[in-house]
Each structure stands twice: as C-alpha cells, then as structure tokens.
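Descriptive analysis of the structure
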Amino acid sequence: MTDLLSLYRTMVRIRAFEDAAEVASQGGVAVWGNEASTTQPALVRGPLHLSTGQEAVAAGVCAHLKPADLLTSTHRGHGHTLAKGADATKMMCELFGRASGYNGGKGGSMHIADFSVGMLGANGVVAAGLPIAVGAAQGLKIRGQEAIAVCFFGDGAINRGPFMEALNWAVVYHLPVLFVCEDNRISATTESRAMTAGPGASARATALGLPAVQVDGTDVQAVSEAAAELVREIRAGSGPRLLHALTDRHKGHVSVDPALYRDPAAVAEALARDGIGRTRAQLVAQGQTAEVERIEREARAEIDAAVAAATAAPLPDSSAAYTDIQNTGAGVWA
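Given the structure is predicted, the values throughout are model-derived calculations rather than measurements. (Residues numbered from 1 in each chain as written. Predicted model: local features only at pLDDT ≥ 70, side-chain atom pairs only at ≥ 80, totals over all residues. Heavy atoms only, no water.)

To continue, consider the nonpolar core. Of all hydrophobic cores here, the largest spans 60 residues; its most connected members are Val61, Met92, Leu95, Val150, Leu178 and Leu243. Top contributing element to this core by residue count: helix H1 (residues 4–24), with 12 residues. Each residue touching Met92, except ones within four places of it in the same chain, is listed here: Phe17, Ala20, Ile303, Ala306, Val307 and Ala310. Ranked by size, the runner-up nonpolar core spans 26 residues in total, among them Ala136, Cys151, Phe153 and Ala157. (Core = buried A, V, L, I, M, F, W, Y, C linked by side-chain atoms within 4.5 Å. Buried < 20%, exposed > 50% of the residue type's maximum accessible area, 1.4 Å probe, protein only. Helix = DSSP H or I, 4+ residues; strand = E, 2+ residues; numbered from the N terminus. Contact = heavy atoms within 4.5 Å.)

Before going further, it helps to examine the pairing of strand E3 (residues 149–154). Across the 6 residues that make up E3, a large majority, 5, are buried. Bridge count between strand E1 (residues 70–72) and E3: 3 bridges; the pairing is parallel. Across the sheet, Leu70 pairs through a bridge with Ala149, a residue of E3. Pairing analysis gives 6 bridges linking E3 to strand E4 (residues 177–183), with the strands arranged parallel. Across the sheet, residue Gly154 finds its bridge partner in E4, namely Glu182. Following the backbone out of E3, through helix H6 (residues 161–172) and into the adjacent parallel E4, one traces a crossover that is right-handed. (Pairing = 2+ DSSP bridges. Right-handed = clockwise from strand over helix to strand, strands pointing away.)

Next up on the list: the side chain of Thr279. Structurally, Thr279 is set in helix H10 (residues 275–285). Relative accessible area serves as the criterion here: at 2%, Thr279 is assigned to the buried category.

A few words now on the sheet that holds strand E2 (residues 119–121). Strand order in the open sheet made by the 6 strands is E2-E1-E3-E4-E8-E7, with parallel pairing throughout. Single-partner strands in this sheet number two, and they are E2 and strand E7 (212–216). The sheet shows a mean angle of 20° between the axes of neighbouring strands, taken without regard to direction. Bridge count between E4 and strand E8 (residues 241–246): 6 bridges; the pairing is parallel. Counterpart to Val180 in the pairing with E8 is Leu243. (Axes fitted to C-alpha atoms, helices over the stretch in contact; angles between N-to-C directions.)

Working definition: two side chains of opposite charge can pair if their charged atoms are close together. Inspection of every chain in the model, using the stated rule, returns 15 salt bridges. Two residues, Asp216 and Arg278, come together in a salt bridge whose shortest N-O distance is 3.4 Å. Of this pair, Asp216 sits in strand E7 while Arg278 is found in helix H10, placing the two residues 62 residues apart along the sequence. Of the residues examined, Asp216 reaches a relative accessible area of 34% and is grouped as partly exposed. Given the relative accessible area of 31%, Arg278 is considered partly exposed. Close ionic contact of Arg280 with Glu296 constitutes a salt bridge, the shortest N to O distance being 2.6 Å. (Salt bridge = Lys/Arg side-chain N within 4 Å of Asp/Glu carboxyl O.)

Here's what the structure looks like:
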C-alpha cells in the first residue's frame, strides 16, 4: 500500500497550486457578476477550472503509475498533471502566459502537456480525452509496450458520445486503459442528476462488459487501494477497467465563479468531507504531526517560488504567434 504521507504530500501540493492559481486569476476583468478591479490586475488572464476538493482522486490513482504510462486529463486538470510528475513552475508559467511555460505561454491552463512524464495533455473539450486515451492504449498494445493509459473525465462527460465510443473501443480491442470518472455530481453549473439517466458511469461501463469499481473519492487510501488493484489487473492483460470516484468540487465552475447556484448546505457538507482534512487528521492521530507540518511548509514554499518565477518570466515574443501552426495551404494571416 502506498505510504499515506506520500499521498498527503501530493494532495497538499495540488491544493497549494490551486489556491495560488485562484488568487492569481482574481481581478482584471468583469465576469460572472464580478466587477473588474482597477487596482488589482489579474496575473492569469481568463478564468481557471480548479480541482480544489478532488485532490484525493489524482493522488490515489497517479501513485500507481510509472513515467512510461500515458495520461489524458480534462479542463480541470492541474491536479492530474502535478500528480503525474509535471513541473509546478513550468505549469504556473503556462497559466501566466509566459514563454517558459509548458506550451510557451500559448496554451494556458486547459492545454498543459508534458510527454516526458506521460502527460498527453489537459483538454478544454468535455469528453475529448477519452478517445485520445484509447488511441494511446491501442498504440501501446500494437507496439507491445508494457505501459498503460489512464483517462480522467468528469461525470458530465458520460452524456457525450465520446464516452460510449471510447469504452466500446477499449472493450472490443481489449486495451490496457483505466477510465477514471471524477464524479463531483455537478456538470459546470447544473446538478448532474438533472441531466443524467440511470445510476451513472459505473453502470454504463458494466453494461458494455467493462468491469467497474465505485469508491469514495474523498478517501485517498480507498482510491489508492482500488486504483492499485485495477492497475494491476490491466498490467496483467485483463483489459480495460473503470474507477468511479465520488468526489466533491469545492469551488465554482471556474475560479471567478461565486457559485451562487449551489446549495450552501451541500457545499458545507462537501467541505466537511474534505479529503485533505481527513487525511491530515489520520496522520496527526498516528503521531506524525511534525512530518505533516513539514510537508505543508514545503508545498507552500514550492508554489510560492513557482508564482514568483512565473511573475518574473518574460511573455512570448510576438513572432511566436506564427509558430506551432500547421500550414493547411490556405495562406498566411495578414
């Protein structure tokens, strides 16, 4: 079983990153009913999709992945990217639109990728990571590689065509892929139960003959144990699996969304279930307070340094606007 302190470290790093990114996105523009600030320009231009509250899923799953394993994420992908081993400073630089970011400052929050650690990319299109992950898994199988592919997606994605197409493809070709549904029960600004027929992701997977396990996604040990077994089965050649993690999104749909459409009582219940708080209490009860506090200090220091580096980093040169563009024969923009 993965060490609980190690899992806690990953969760705390993700939370520190998301908290800092949220602060950096405030001000600057009038959006979601908020007035533009004339004194506090936003360091991150445009809203961010935060994974605050969902850290246990990313930490518990990625703890069992190797650098060669491949991963696709969602528009809410900072946590997955960090947990897979990406560099926090290069991530923050990308959020800030800086030339030293993962995508040269041109991709932003929803398009961070780091192939060196197997992170194929976050994705701004709901459910778009599913067929990419399955295609990656098919490539691994064709090449005879031992690595697996993992795909994170939200509960809102199960109502889009790529979900069923990807699961069907994975089962038909017996592919080494783990599907991870982060079910926070709210799709953007609407409760998922209002738009989803049936009991959800695990039931739909089972209907296609794809074994699925449902777990408390706020319990990092439960996620880790379930993920360990599913990953073991996939590596052993048993075909695709699905992990259905019931979790909580603490924030609004985006970082500047006050989420006034949410029931305050439900939000309070989610905060009380916070996976980081629960894990911290476990570790303190085990007499590991000093280690817990050290991990928290190190996480804050790491992310503070990332913000400082991103703030000081240069913006992309204007000539970069014409790089990374495929020539379709339609000519050059004036």
